[in-house]
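Structure assessment
If you want the building blocks of each chain, they are given just below.
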Amino acid sequence: KEKDAQKSEYASTSTVLDYSMALNEKNIDFCINTITGRYPTEGYCSNLECEELCYILEGHGSINKKDNEPINFEKGDIIYIDKKEIYYWNGNFKLAIICTPAWTKEQCKLYEEE
């Protein structure tokens, strides 16, 4: 239930509603992330362990995978992020994210701009 989800702010531009605590599952989890601007605010991020399937619930933006052209998206689009891919988000949007295996903060790595 939404009332059981944990709300976290990972940056001034990213607020997450994390349902994984209630799921108590190690193989998969679910969250809703609201991005307002660029995340991370500088550089790039990567998940070292998880594959992520993202569904854009509202808004529009882009995902900027390192060494690739930006991918623009809008409400209704799906984005796949493979583990260890290096990227950043930009825009104003809300997305639902399914991670497998379940996401933990320790899996997330931030990279400085090169």
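Look above for the structure.
Read on for an overview of the structure. (Residues numbered from 1 in each chain as written. Predicted model: local features only at pLDDT ≥ 70, side-chain atom pairs only at ≥ 80, totals over all residues. Heavy atoms only, no water.)

1. Looking at the overall build of the chain
A count of helical and extended segments in the chain gives 1 helix and 9 strands. In sequence order, the chain lays out its α and β elements as β-β-α-β-β-β-β-β-β-β. For a compact globule of 114 residues, the expected C-alpha radius of gyration is about 13 Å, and the chain comes in at 13 Å, within 12% of that figure. For the C-alpha atoms alone, the extent of the chain along its principal axes is close to 35 × 25 × 25 Å. Looking at the chain residue by residue over its 114 residues, the buried ones come to 40%. A fraction of 65% describes how many contacts in the chain between residues 6 or more apart in sequence connect residues 24 or more apart. Accessible area of the chain: about 7100 Å², with a carbon and sulfur share of 48%. Once the 13 positive and 21 negative side-chain charges of the chain are each reduced to a mean point, those two points are 5 Å apart. (Helix = DSSP H or I, 4+ residues; strand = E, 2+ residues; numbered from the N terminus. Rg over C-alpha atoms; globule rule 2.2 N^0.38 Å. Buried < 20%, exposed > 50% of the residue type's maximum accessible area, 1.4 Å probe, protein only. Contact = heavy atoms within 4.5 Å. Areas by Shrake-Rupley, 256 points an atom, 1.4 Å probe, with all protein chains shown as cover. Lys, Arg positive; Asp, Glu negative; His and termini not counted. Charge placed at Lys NZ, Arg CZ, Asp CG, Glu CD.)

2. A short note on the pairing of strand S2 (residues 14-18)
The element S2 is extensively covered by neighbouring structure, given that 4 of its 5 residues are classed as buried. Across 5 bridges, the pairing between strand S1 (residues 6-11) and S2 is antiparallel. Counted as the bridge partner of Gln 6 is Asp 18 from S2. Of the strand pairs in this sheet, S2 and strand S3 (residues 29-39) are connected by 5 bridges, and their pairing is antiparallel. Across the sheet, Asp 18 pairs through a bridge with Cys 31, a residue of S3. (Pairing = 2+ DSSP bridges.)

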